[in-house]
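Analysis of the macromolecular model
Chain by chain, the residues:
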Amino acid sequence: MTKKIKNIMGVGLSLFTLGQMSNVMAHVSFENDLYSGFSDSPVAYGAADVWEVTCSGGSDRLVLSVLDTESGRSKVSALAYKDKKAANTIDSRGGNSTASPFVRVNAGDGIYTIIVTQSLPGINYYILEYHCETSTGTHTTTSQVPEFPLQDQ
Amino acid sequence: MLPFFKYFFGSLLLICCFSIEAVETGGLVEETKIKLKLTQYSGIEVQLDVLNASLSDILDEVSAKANIPIHYSILPSELISATCVGGNLDIVFQCLLGDNVNIVFHYPSNALPQGKVANTLPKEIWFMASSFGNIISEKNEQLLCQEQLTELPKNERLELLIEKGMSSDPIQRAQAIVVLAREAPKENEEVKNLLLEALDDESGKVRLQALIAWVVRKSGNVEQVLQQALQDESRGVRLKAVGLTRSLLLLQQVVDNESDSSVKRYAERRLKRLEKLIE
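Residues numbered from 1 in each chain as written. Chains lettered and ligands numbered in written order. Predicted model: local features only at pLDDT ≥ 70, side-chain atom pairs only at ≥ 80, totals over all residues. Heavy atoms only, no water.

1. What to know about the packing of aromatic side chains
- Tallying each qualifying case throughout the model produces three aromatic pairs over all chains.
- Taken together, a centroid distance of 4.9 Å and an interplanar angle of 20 degrees make the contact between Tyr35(A) and Phe38(A) stacked.
- Residue class for Phe38(A) comes out partly exposed when judged on its relative accessible area of 30%.
- Between Tyr125(A) and Tyr266(B), the ring centres sit 4.4 Å apart and the planes meet at 50 degrees, which makes this aromatic pair tilted. Here the residue Tyr125(A) occupies a position in strand S9 (residues 122–133), and Tyr266(B) occupies one in helix H13 (residues 261–278), the pair thus bridging two chains.
- For Tyr125(A), a relative accessible area of 1% corresponds to the buried category.
- Just above the ring of Tyr112(A) sits the side chain of Lys82(A); from NZ or CZ to the centre is 5.6 Å. (Phe/Tyr/Trp six-rings, centres within 6.5 Å; stacked < 30°, edge-to-face > 60°. Buried < 20%, exposed > 50% of the residue type's maximum accessible area, 1.4 Å probe, protein only. Helix = DSSP H or I, 4+ residues; strand = E, 2+ residues; numbered from the N terminus. Lys NZ or Arg CZ within 6 Å of the ring centre and 35° of its normal.)

Right, here's the structure in full:
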C-alpha cells in the first residue's frame, strides 16, 4: 500500500483546490504539523519545518504555495530561498481549501530550501505544493521530492 | 527588494550591541567576545554569543545593553564560550548556565499571564551565588554548541553527540537526537540503540525527537514504533506519530480511540486524504 501511495505522490496528484493555478505536475507534501509552546514541544515559540527541493537542470525557478488546513489565529507561511533569492507566501485564512498565493524564486536549478513557520505558538497543520519550471513556465523535473522535512518541529 | 530581505536587514538594525576585544595572555592573544542581540522575532528575541568571557563581564554587558539591573555577589571565574538563542533571557541564561542555577527574574506586571513564558525583558534579575558550585565548568562540558561541533572531526563529533544523547538533561538528549538523526550513518548500531532507548525516554521532548529520527531513518519496525507512539501519554508525540504514519489502519485506530480533539482531527484529515489517494 505504501508503494502505491508513493507512486501516486510521484506523479504529483493535487490534493486540494488551488484557486490560483491548476496543474498536474506539482508536488504535494503530505499534511504536516508545526507544534510549539507546550511542555513536550521541540520549541517554545516559532516552530519551523525545513524542507529541501531540488530543481533539475534547465529550471529557472521554484514555484510554491502553502495550505493551512485548520482555522485559527496562527497563520502558516512558507519561505523559499536559494542563492540569496527568496520569496514568502502566507495562507491568511486557514481551514478552507484555498492555499496561499503561488510565489516564485528565480534562482535556476539546484537545491532550494523551504522553511514553513507559524505566526503564533500552538499547533498548525499545512500542506506544501511546489514545482520547478523554466523561464517560459514549462514544468521541469523536481528531482528530489522529500518525504519528511529535514527539520521537523 | 524582496520582503524577506527587508525583514532581514530590519532585524540587523535591531542589534543591541557588539563588543569584541583581544586580551593578551602569556604572549598569546586570546579573543574575547560578548555579543548580545535583541530582536523582535518570535523565538529568537534574545541572542547571546560569548567567547572566552567571564560571567561577570557577560552579566555586566547584558545589564548595560539591555538596560536591566542584574544583581550578583560571588560568581565563578571560569571563562565561558557559548552561543545561546531563545525567546527570553530565562532561556538564554538557562542555556548558558544550566538548569541548576537559581535566578530570580522580576517581570513587569503587564507581562504574559501566569503559566506562560514571558517574551518581554525582565525589569530586574538576581543571581543566587550559592547555587553556582561547579556548574559553569560542567555546563561548558555539556553544551551542545553547533560551532564547536562543526570544528570536530566526524568520528569525534559522532561520539560527542552519542554522549550528549545520554546526558541527564532532556534538552541535551533531544538536541543530540535531532543532529544524530540527520548525520549519523544509518547502519551505526550505537546510534540505533540510543534511539531505541530514547523512544521510551521519560521526557516527551526526547521521545518525540526519537520517533521522528526512527521513522525518517527507517530504522526498522516502523509501524510497531508508530503504534506505540500513537498511544503515548504526550500529545506532541501522538500528534507527530499521526503526521508520520502512512497506515490507514493506524489512522483509523486514532480516529476511533483518540481523546484529544486536535490529534483526532489531524488523523481524520490524513485518513481522508490517504483514502482519496488510494482510490
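On we go.
2. What to know about the pattern of salt bridges
- Per the counting criterion, the structure on display carries 19 salt bridges over all chains.
- For Asp232(B), the salt bridge is made with Arg207(B), and the minimal N-O distance between the two is 2.7 Å. Of the two residues, Asp232(B) sits in the loop between helix H10 (222–229) and helix H11 (235–244) while Arg207(B) sits in helix H9 (residues 204–216), which places them 25 residues apart along the sequence. When sorted by exposure, Asp232(B) lands in the same class as Arg207(B), which is buried.
- Several salt bridges share partner residues, and in doing so they unite Glu31(A), Glu70(A), Arg265(B), Arg269(B) and Arg273(B) into one network. (Salt bridge = Lys/Arg side-chain N within 4 Å of Asp/Glu carboxyl O.)

3. Structural notes on the state of the cysteines
Residues and elements named next belong to chain A.
- Taken as a whole and judged by the stated rule, the model has one disulfide over all chains.
- Note that Cys-55 is cross-linked by a disulfide to Cys-132, the S-S spacing being 2.0 Å. Classification of the bridge connecting Cys-55 and Cys-132 rests on its S-S torsion, roughly -80 degrees, and on that basis the disulfide is left-handed. Taken together, the positions of Cys-55 in strand S3 (residues 48–55) and Cys-132 in strand S9 put the pair 77 residues apart, joining distant regions of the chain. Both residues of the pair, Cys-55 and Cys-132, belong to the buried class. (Disulfide = S-S within 2.5 Å.)

4. Focus on H13(B)
- Over its 18 residues, H13(B) runs 26 Å from end to end, which matches the ideal 26 Å to within 8%, given 1.5 Å per residue.
- Among the residues of H13(B), those classed as buried are Ser262(B), Val263(B), Tyr266(B), Ala267(B), Arg269(B), Arg270(B), Leu271(B), Leu274(B), Leu277(B) and Ile278(B). (Expected span 1.5 Å × (residues − 1).)

5. Overview of the sheet that holds strand S7 (residues 124–127) of chain B
Residues and elements named next belong to chain B.
- The strand order across the open sheet built from three strands is S4-S7-S6, with neighbouring strands paired in mixed fashion. Two strands bound the open sheet, and with one partner strand each, they are strand S4 (70–71) and strand S6 (103–106).
- Sheet analysis places S6 next to S7, joined by four bridges and oriented antiparallel. When the bridges of S7 are listed, Ile-103 appears paired with Phe-127. (Pairing = 2+ DSSP bridges.)

6. Focus: the sheet that holds strand S11 (residues 142–144) of chain A
Residues and elements named next belong to chain A.
- Judged by pairing direction, the sheet is antiparallel, and its five strands sit side by side in the order S6-S5-S8-S3-S11 without closing on themselves. With partners counted over all chains shown, the strands left at the sheet margins are strand S6 (85–91) and S11, one partner each. Strand after strand, the sheet turns through a mean of 30 degrees between neighbouring axes, direction not considered.
- As paired strands, S3 and strand S8 (residues 110–118) are joined by eight bridges and run antiparallel to one another. Residue Val-50 lies in a different strand from S8, and its bridge partner there is Ile-115. (Axes fitted to C-alpha atoms, helices over the stretch in contact; angles between N-to-C directions.)

Remember that the coordinates give geometry; whether it matters functionally is a separate question.
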